[in-house]
Amino acid sequence: MKRLKKIAEAIAERVLMVSGFITSLVIVLIVLFLFREGAGLFGKPDVEEGYVLAVNRKNPVEKLSPRQIMEIFDGEITDWKQVGGAEEGIVVFRLNDITDYATEEELGPELDSIPQCLSRILSENSGMIAYVPKQYAADGFTGKRLAEGKITPRSFFGGREWYPTAQPSPQFGVVPLIMGTLWVSLGAILIALPFGLAVAIYMAELAGERIRRALKPAVELLAGIPSVVYGFFGLVVVVPLIQRGFGLPVGETGLAGSLILAVMALPTIITVAEDAIRNTPRAMKESSLALGATHWQTIRRVVLPYSVSGITAAAVLGIGRAIGETMAVLMVTGNAAVIPHTLLEPMRTIPATIAAELGEAPSGGAHYEALFLLGCILFVLTLAVSLSVEFISARRPKQTI
Amino acid sequence: METSSISAKDVNFYYGDFQALRNVSLEMERNTVTALIGPSGCGKSTFLRLLNRMNDLIPGARLEGKVTVDGEDIYGKNVQVVELRKKVGMVFQKPNPFPKSIFENVAYGLRVNGVRDRETIRSRVEESLRGAALWEEVKDKLKRSAFELSGGQQQRLCIARALAVQPSILLMDEPASALDPVSTSKVEDLIYELKKNYTIVIVTHNMQQAARVSDRTAFFYLGKLVEYDRTEKIFTHPSEEATQNYVTGRFG
């Protein structure tokens, strides 16, 4: 009997150990997978894979940046002079346009004369830039192929444009997304912290036991509402309010996201800050009162300084919650990938981008990998947040006795 | 410095339904040290905390009877609790400095009471630290955190903090119970010094300490004041058997 118990205990220990080990392993593998999928982006050609850009042989331009390519094909750059060439109008050529330059007979019955036609069209139009599949610009091609650029960490992390589906040159610049994420999160914490702190102080110091007992579950209930419900509420209530209140053309702005996130971060902030405040030793509060301080002076000068690390932890955890939040933000921020200047503009956050775009990004393509890299950035951001919480909590003042 | 006398008359005290003090009447004279002794839960701490109305903070606490300081009813309608607590300082069982610098700990009571003048604050801090026999040890590190001090130094800092608001009465709730013997003896010497300028009431579990520092001793048992007399008499010829048993260590 005793022996059986011993064996059972040993088994229980093993089971716990194995499950702990497996869980840790899975987490590590997920992180590794994230980085592996994302790392492939760098070194990929900066135009669509399998395509090339070609110009007239006499054109002095050798290379174009992804941004120049995009602007040329968007019609924003119309003269070669703007990209370092001779003064000559740019003629954009896509494969679809070939029927404007060649007859059906010239192209041949099976369209197998396309390469020859391309060479001819390019040599006839000195200002032309052609965006065509690689195989049409291979052997015997008389035009000049522009040098292939590569997606570099610099263009990714420093890029100010996010147009992942732009043709021919998709733009993977994460600055607007990072900025959007930070703006929305910081806005949220700026709104949530004063209110959260006020509620925490009220609950910990001022409210009677009965009010506290009613309030605490109510606050915790807030944490249990699914984020899509918050998003829906935001879309139906907050967005129109902001649109009308500020007289904006659209109400889907960073502010709407911040407000919703603030409400979502409140339970975290309140709970953590309240615990910190309640942890102030009773004796410390009493000695303040015994010196003739009023209750409010005691809160402001003793309780808050004592719990400042806990309150900071609450704020940082709130930020962490805000940074990672996806659905509600996706629904109310308008999702324009532009570097924001005020909270009253539409913005797009990293998680919202991943959620919105992963479904349409072909697996293994540059867009797909760029989204995984976004995931890595998000991971690093939240990791930094959790580490700073650890760091702050470690600095908690210690009683020596 | 002006000191004060304390008087309690027919005091009953309740925590909700529990009666913590039964008909306690006690007179304490100016410039004396009164020790309150008795086993745990006998009501001695409750009595001490009555004197600066610290028990007000406890929900359901209720007092019957009359407590006066210098003849003034401290539970009267027009009493400002904040003013009372300035007059009746308190030192707690565990050293509990604020999470501030040594200087700010002592200056705290002045600041919350609206003293703004920097010179006044500086000189009062020094005076209080000297009064608590701590000045020489900390005068070069006033800006350092109070948590860096040893337990005994922290407790003397707490005494200095209480002295800074210039009370006339000092309440001490087992002020040396968390300290080592060396620190304890320093605190005891200090109490002896402070007696010249303050009326002191001290709760202690330590019989020797009560015998060493106090002029008068009150023995509490089960919420009642069993005996109150000169310390010498309590420890040598107590009138009550219960007192005799307690001070000789037969129970408690």
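What this report covers is the structure whose coordinates are included nearby. Each chain has its residues counted from 1, running along the sequence as written. Chain letters and ligand numbers both follow the written order, the letters beginning at A and the numbers at 1. Two thresholds apply to this predicted model, a pLDDT of at least 70 for residue-level local features and 80 or more for giving and counting side-chain atom pairs, whereas whole-chain, interface and lining totals are computed over all residues. Side-chain numbers here rest on the full set of heavy atoms in the structure, without hydrogens or water.

### Examining the overall build of chain A
Phase 1: A run of H or I in DSSP becomes a helix once it reaches four residues, and a run of E becomes a strand once it reaches two; helices and strands are each numbered from the N terminus. The helix and strand inventory of chain A stands at 16 helices and 6 strands.
Phase 2: With respect to the three principal axes, the spread of C-alpha positions in chain A is 100 × 70 × 40 Å.
Phase 3: A burial count over chain A gives 44% of its 401 residues as buried.
Phase 4: Note on contacts: a residue pair is in contact if any heavy atoms of the two residues lie within 4.5 Å. Long-range pairs, those at least 24 residues apart, make up 70% of the contacts in chain A with a sequence separation of at least 6.
Phase 5: Throughout, the Shrake-Rupley method with a 1.4 Å probe supplies accessible areas, and for residues the shown protein chains are the sole cover considered. Accessible surface, chain A as shown: approximately 20,600 Å² in total, 63% of it carbon and sulfur.
Phase 6: Charge counting treats Lys and Arg as positive and Asp and Glu as negative, with His and both chain ends excluded. By convention, charge coordinates are those of NZ in Lys, CZ in Arg, CG in Asp, or CD in Glu. With 35 positive and 37 negative side-chain charges, chain A shows a spacing of 19 Å between the two charge centroids. When accessible area is computed with a 1.4 Å probe and restricted to protein chains, residues below 20% of their type maximum are described as buried, those above 50% as exposed, and intermediate ones as partly exposed.

### Let's talk about the overall build of chain B
Phase 1: Within chain B one finds 10 helices and 10 strands.
Phase 2: Restricting the calculation to C-alpha atoms gives the radius of gyration, and the globule rule supplies 2.2 Å times the number of residues raised to the power 0.38. A globule of 252 residues ought to have a C-alpha radius of gyration of about 18 Å, and chain B, at 18 Å, matches this closely.
Phase 3: Counting only C-alpha atoms and orienting by the principal axes, one finds that chain B spans roughly 55 × 45 × 30 Å.
Phase 4: The buried share of chain B, taken over its 252 residues, is 55%.
Phase 5: In chain B, the share of contacts with a sequence separation of at least 24, taken over all contacts with a separation of at least 6, comes to 69%.
Phase 6: Surface summary for chain B: the accessible area is close to 11,100 Å², and the carbon and sulfur share equals 46%.
Phase 7: Between the centroid of the 35 positive side chains of chain B and the centroid of its 32 negative side chains there is a distance of 4 Å.

### Here's the deal with the pattern of salt bridges
Phase 1: The rule for a salt bridge is simple: a side-chain nitrogen of Lys or Arg has to be within 4 Å of a carboxyl oxygen of Asp or Glu. Inspection of the entire model under this criterion finds 34 salt bridges over all chains.
Phase 2: Glu286(A) is the salt-bridge partner of Arg49(B), the closest N and O atoms lying 2.7 Å from each other. Placement of Arg49(B) in helix α1 (residues 44-50) and of Glu286(A) in helix α11 (residues 282-290) is noted, with the two residues assigned to different chains.
Phase 3: A residue is classified by how much of its surface remains accessible, and Arg49(B), at 11% relative accessible area, is buried.

### Overview of the environment of Tyr136(A)
Phase 1: Along the polypeptide, Tyr136(A) turns up in the loop between β3 (128-133) and β4 (144-145).
Phase 2: Beyond its immediate stretch of four places on either side in the chain, Tyr136(A) contacts Leu95(A), Ile114(A), Pro115(A), Leu118(A) and Phe141(A).

### Side note on the sheet that holds strand β9 (residues 216-221) of chain B
All names here are of chain B.
Phase 1: Taken in spatial order, the 6 strands line up as β6-β7-β8-β3-β9-β10 in an open sheet, and their pairing is mixed. Where the open sheet ends on each side, the last strands, each with one partner, are β6 (88-91) and β10 (224-230). Each adjacent strand pair in this sheet contributes to an overall mean axis angle of 15 degrees, direction not counted.
Phase 2: Note on pairing: two strands pair once DSSP finds at least 2 bridges between them. Both strand β7 (residues 169-173) and strand β8 (residues 199-203) contribute to a ladder of 5 bridges, which runs parallel. From the neighbouring strand, Met172 faces β8, where its bridge partner is Ile202. Convention adopted: a line fitted to C-alpha atoms gives each axis, helices being fitted over their contacting stretch, and angles between N-to-C directions are expressed from 0 to 180 degrees.

### Description of the interface of chain B and chain A
Phase 1: Residue-level contacts link 30 residues of chain B with 23 residues of chain A.
Phase 2: In short, buried area is how much 1.4 Å probe accessible area vanishes from two parts on joining, totalled over both. Across the chain B/chain A interface, buried area totals approximately 2,200 Å², and carbon plus sulfur atoms make up 62% of it.
Phase 3: Looking only at chain B, the three residues that lose the most surface to chain A are Tyr108(B), Val112(B) and Phe147(B), adding up to 24% of its buried area.
Phase 4: If you look at where chain B meets chain A, you find 1 salt bridge.
Phase 5: Think of a polar contact as two N or O atoms within 3.5 Å of one another; within protein, one of them needs to be a possible hydrogen donor and the other a possible acceptor, and neighboring residues in sequence only count if both atoms come from side chains. If you look at where chain B meets chain A, you find 8 residue pairs in polar contact (both at pLDDT 80 or more).
Phase 6: At the level of secondary structure, the elements contributing two or more residues to the side of chain B that touches chain A comprise α2 (81-87), β6, α3 (102-112) and α6 (151-164) of chain B.

### Re a positive patch on the surface
Phase 1: Where like charges cluster on the molecular surface, the positive patch consists of Lys2(A), Arg3(A), Lys5(A) and Lys6(A).
Phase 2: Look at Arg3(A) and you get exposed, because its relative accessible area is 67%. For patch detection, residues must exceed 30% relative accessible area and be free of salt bridges, and they are connected within 9 Å for like charges or within 5 Å for nonpolar side chains (Val, Leu, Ile, Met, Phe, Trp, Tyr).

### Concerning unusual backbone geometry
All names here are of chain B.
Phase 1: Residues other than glycine seldom take positive phi values, yet Asn23 does so here, at roughly 50 degrees.
Phase 2: The class of Asn23 is exposed, set by a relative accessible area of 52%.
Phase 3: Phi angles above zero are rare outside glycine, and Gln166 is one such case at about 55 degrees.
Phase 4: Topologically, Gln166 is positioned in the loop between α6 and β7.

### Comments concerning the side chain of Asn105(B)
All names here are of chain B.
Phase 1: As for its position among the elements, Asn105 is in helix α3.
Phase 2: Overall, the relative accessible area of 0% leaves Asn105 in the buried class.
Phase 3: A polar side-chain atom of Asn105 sits 3.4 Å from a polar atom in the side chain of Arg161.
Phase 4: Those residues within four positions of Asn105 in sequence are excluded, and the remaining contacts are Pro97, Phe98, Lys100, Ala146, Leu157 and Arg161.

### A look at the pairing of β7(B)
Residues and elements named next belong to chain B.
Phase 1: For β7, a buried count of 5 out of 5 residues is recorded, marking the element as mostly surrounded by other parts of the structure.
Phase 2: The side-chain alternation of β7 yields two buried faces, one formed by Ile169, Leu171 and Asp173 and the other by Leu170 and Met172.
Phase 3: Relative to β7, β6 runs parallel, the two being bridged by 4 bridges. By the bridge assignment for β7, Val91 is matched with Met172.
Phase 4: When the strands point away from the viewer, a crossover counts as right-handed if the path from the first strand over the helix to the second runs clockwise. Read from β7 through helix α7 (residues 181-194) to β8, the crossover connection turns out right-handed.

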